[in-house]
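The lines below spell out each chain.
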Amino acid sequence: MQADVKHSIIHQFYTNDGHIGLRLAPSTLAVDDDVHLLLSELTDVYHAKPSKGYARFIDAERDDTDSEQLSEFPTLLDAWRKGDEEFVKFSQRTAHILHQQLQHYGFLESGFLLIASFMERGHDHLVVAFLPNKEGVSIAPDLSVDRSTQLDINRVYLAATVNLTEWHEEPESTSYISFLKGRVGRKISDFFLDFLGCTEGRNVKQQSQQLVESVQQYVQEHNLAPEQAQAVRQSVYEICDQSWKNDEPVRVVDLSEQLSQAVDTTQSFADFTAKLEQPLPEELRTDRSTVRKLVKFQGQGGGISIGFDQQLLGDRVEYNPATDTLTIHGTPPNLRDQLRRYFGIDS
C-alpha cells in the first residue's frame, strides 16, 4: 500500500449468549510496519474483489428523507474532518452506531472494526472495514502449539472507502464512496449502507454494459477491419482494467484519446458516444466481469462451461450458426490429458 497512514484504530465485536457485544479501544494504533502490513493486505483484498458499488452520503433535503432516520456517521465524519472531533472519539461513536445496526439486523458475527485515515495520490481517504476472525493455531516460543484468534482478511465483505477530498471538493459527486458488493445478500449490503448513511449513486454493471455496447456499435458503424476492431476492444479493456485496479474512474475523453492512437478513424470515440441516444457519462466506474466481454466469449449451461479469447474465433475456434456448433482446434493441455486418460489413450 503506497499510502501515508495518518490514523488507525480497531474496536472489537464479540458474541455472547446470542448477543453482540462491543469492546472499545482507548487509543489509536501506532503507525508502524505491522499497521502498514495490515492495511496493505486489506487494500489488496479490497481491490481484488470483483464487484464494487459506488455511493454518496444521503442528503435529507435532496433525497426527501427524514433526517431523524439517517445515520450519524456522515455528521461525525465531517466533524472529525473539520477538527471539531478527535479521531478516537469519532471512531468510538462510529463503533456504537455499527453496534446498534448489528443488533437491529440480528447480525451475530464476531470480528473487528478497523477505521483508518490515509493519503494516497494526493487525496485523503477513510477506510471502514469489518474484519472477520477465525480460530487458528500458532507455534509458541517453546515450540508448543497454541490456539489463537486470527484475522480472516480474505473473507472481508463489509468494507468501504470514502474519498474525503472528493467529498469536500465535489459534493455533487455520486461516487466518492466505494464499497464491496459481495455475494452476501441484499440485506447485508443494505445494512452496511444504512450504517454509513449513504445511498448507491451509480449502477456500475449497467454503465459497464453501456460502455461495452457503445464500443461494439462504434466498431460496427465505422466498418473497422477485424484486426482494428480487436485492437479497439483490447485497448478499451486494458484501460478499464487498469483503472479498476487503481480504483479510479474511466474518463471518456481520455479513453477516446488513447483509442485514437490504436486506430485512425474520421470520428473520435468521444464524439461518437456523445451523439448516441443514450450518451455515456463523462466518467464512469467499470465492472471488471462486464468489461471482460470485450475480449472474451464465455457462457455456461446444461453442464457445459466454455470460455475463450475473442481473437481465437475464426482461428482455433469456429462457430456454425446454422447448426449452433463450436469446433475447437487444439484443446487445452489439461483438458486433453483428462480426455486421453478417460479413453485410455497413452499420452
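Computed from a prediction, not measured in an experiment: that's the story for all the values here. (Residues numbered from 1 in each chain as written. Predicted model: local features only at pLDDT ≥ 70, side-chain atom pairs only at ≥ 80, totals over all residues. Heavy atoms only, no water.)

Enquirer: Now, about the pattern of salt bridges: what can you tell me, with residues and values included?
Expert: Going through the model one piece at a time under the given rule, you end up with 14 salt bridges. Measuring nitrogen to oxygen at the nearest pair gives 2.9 Å for the salt bridge that ties Arg81 to Asp78. In this pair, Arg81 and Asp78 are both assigned in helix α2 (residues 73-81), three residues apart and thus about one turn of the helix distant. Judged by relative accessible area, Arg81 falls into the partly exposed class, the value being 29%. Residue Arg147 pairs with Glu135 through a salt bridge whose shortest N-O separation is 4.0 Å. Taken as a pair, Arg147 in strand β6 (residues 145-151) and Glu135 in strand β5 (residues 123-139) lie far apart in primary sequence, 12 residues in all. (Salt bridge = Lys/Arg side-chain N within 4 Å of Asp/Glu carboxyl O. Helix = DSSP H or I, 4+ residues; strand = E, 2+ residues; numbered from the N terminus. Buried < 20%, exposed > 50% of the residue type's maximum accessible area, 1.4 Å probe, protein only.)

Enquirer: So what about the nonpolar core? Which residues, and what values?
Expert: Buried together is how nonpolar side chains tend to be arranged in soluble globular proteins. Membership of the largest hydrophobic core comes to 39 residues, with the highest contact counts inside it found for Phe13, Phe57, Phe73, Leu77, Phe90 and Leu126. Leaving out residues up to four positions away in the same chain, Leu126 has contacts with Phe73, Leu77, Trp80, Phe87, Phe90, Ile115, Ala116, Ser117, Ala160, Thr161, Val162 and Leu164. Grouped together as the second largest cluster of nonpolar side chains are 25 residues, Val215, Val250, Leu280 and Val291 included. (Core = buried A, V, L, I, M, F, W, Y, C linked by side-chain atoms within 4.5 Å. Contact = heavy atoms within 4.5 Å.)

Enquirer: A description of empty space enclosed by the protein should follow, citing residues and the corresponding values.
Expert: All told, the structure shown has two cavities of 30 Å³ or more when counted by the stated rule. Reported here for the largest cavity is a volume of approximately 40 Å³. In terms of lining, the largest cavity is formed by Pro50, Ser51, Lys52, Tyr54, Val204, Trp244, Thr286 and Asp287. By volume, the second largest cavity amounts to about 30 Å³. The set of elements that each furnish at least two residues to the lining of the second largest cavity consists of α7 (226-245) and α10 (288-291). Class assignment of the residues belonging to the lining of the second largest cavity gives a composition of four nonpolar, one polar and two charged. (1 Å grid on protein atoms, 1.4 Å probe; cavity = no way out; pocket = protein on both sides within 12 Å on 5 of 7 lines; lining within 4 Å. Points joined across faces, edges and corners; volume = space filled by probe spheres on them. Nonpolar A, V, L, I, M, F, W, Y, C, P; charged D, E, K, R; others polar.)

Enquirer: So, the side chain of Ser8: which residues are in play, and what are the values?
Expert: Position of Ser8 among the secondary structure elements: in strand β1 (residues 4-16). Given a relative accessible area of 0%, Ser8 falls into the buried group. Apart from the residues lying within four places of it in its own chain, the contact partners of Ser8 are Thr28, Leu29, Val35, Phe87, Ile115 and Ala116.

Enquirer: Just give me the short version of the packing of aromatic side chains, but keep the residues and values in it.
Expert: Counting across every chain of the model gives 19 aromatic pairs. Aromatic side chains Tyr342 and Phe343 sit 5.2 Å apart centroid to centroid with 90° between the ring planes, which places their arrangement in the edge-to-face category. Comparing Tyr342 with Phe343 shows no difference in burial state: the two are exposed. The side chain of Arg81 reaches across the aromatic face of Trp167, ending 5.4 Å from its centre. (Phe/Tyr/Trp six-rings, centres within 6.5 Å; stacked < 30°, edge-to-face > 60°. Lys NZ or Arg CZ within 6 Å of the ring centre and 35° of its normal.)

Enquirer: Please set out the side chain of Gln230 residue by residue, giving values where relevant.
Expert: Here Gln230 lies in helix α7. With relative accessibility at 16%, the residue Gln230 sits in the buried group. Excluding residues within four positions of it along the chain, Gln230 makes contact with Gln310 and Gln311.

Enquirer: Quick rundown of the packing of helix α6 (residues 204-221) against α7? Include the residues and the values.
Expert: Two elements in contact, α6 and α7, have axes separated by 10 Å at closest approach and are oriented at 155°. Looking at the two axes, α6 sits roughly antiparallel to α7. The handedness of the crossing between α6 and α7 comes out as right-handed. Residues Leu211, Val215, Gln216 and Val219 of α6 form the contact with α7, whose participating residues are Ala229, Val232, Arg233, Val236 and Cys240. Residues of the contact of α6 with α7, tallied by class, amount to seven nonpolar, one polar and one charged. (Axes fitted to C-alpha atoms, helices over the stretch in contact; angles between N-to-C directions. Parallel < 35°, antiparallel > 145°, perpendicular 65-115°, else oblique. Left-handed = near helix turned anticlockwise from the far one by under 90°.)

Enquirer: Outline the pairing of β5, listing residues and values.
Expert: The pairing of strand β4 (residues 111-120) with β5 spans 10 bridges and is antiparallel. Along β5, the bridge assignment pairs Glu120 with His123. The loop that links β4 with its antiparallel partner β5 comprises two residues; one of these, Arg121, has a positive phi angle of about 55°. Both β5 and strand β7 (residues 158-163) contribute to a ladder of six bridges, which runs antiparallel. What sits directly across from His125, in β7, is Asn163. (Pairing = 2+ DSSP bridges.)

Enquirer: Could you give an account of the environment of Ser243, with specific residues and numbers?
Expert: Looking at the secondary structure, you find Ser243 in helix α7. Each C-alpha atom, one on Ser243 and one on Arg285, is 8.3 Å from the other, the two residues being 42 residues apart in sequence. Not counting the four nearest positions on each side in its chain, Ser243 is found in contact with Glu248, Pro249 and Val250.

Enquirer: Go over helix α1 (residues 33-48) with me, naming the residues and quoting the values.
Expert: Taking 1.5 Å of rise per residue, 16 residues should cover 22 Å, and α1 covers 22 Å from first to last C-alpha, within 8% of that figure. Those residues of α1 lying buried are Val35, Leu38, Leu39, Ser40, Leu42, Thr43, Val45 and Tyr46. At the N-terminal boundary of α1, the capping side chain belongs to Asp32, with an oxygen 3.2 Å from the backbone nitrogen of Asp34. (Expected span 1.5 Å × (residues − 1). Polar contact = N/O pair within 3.5 Å; in protein donor to acceptor, adjacent residues only side chain to side chain.)

Enquirer: So, the packing of α7 against helix α8 (residues 252-262): which residues are in play, and what are the values?
Expert: Their axes nearest at 10 Å, the elements α7 and α8 cross at an angle of 145°. Pair α7 / α8 crosses with right-handed handedness. Counted together, Val232, Ser235, Val236 and Ile239 of α7 and Leu255, Gln258, Leu259 and Ala262 of α8 form the full contact between these two elements. Its residues assigned to classes, the contact of α7 with α8 comprises six nonpolar, two polar and no charged.

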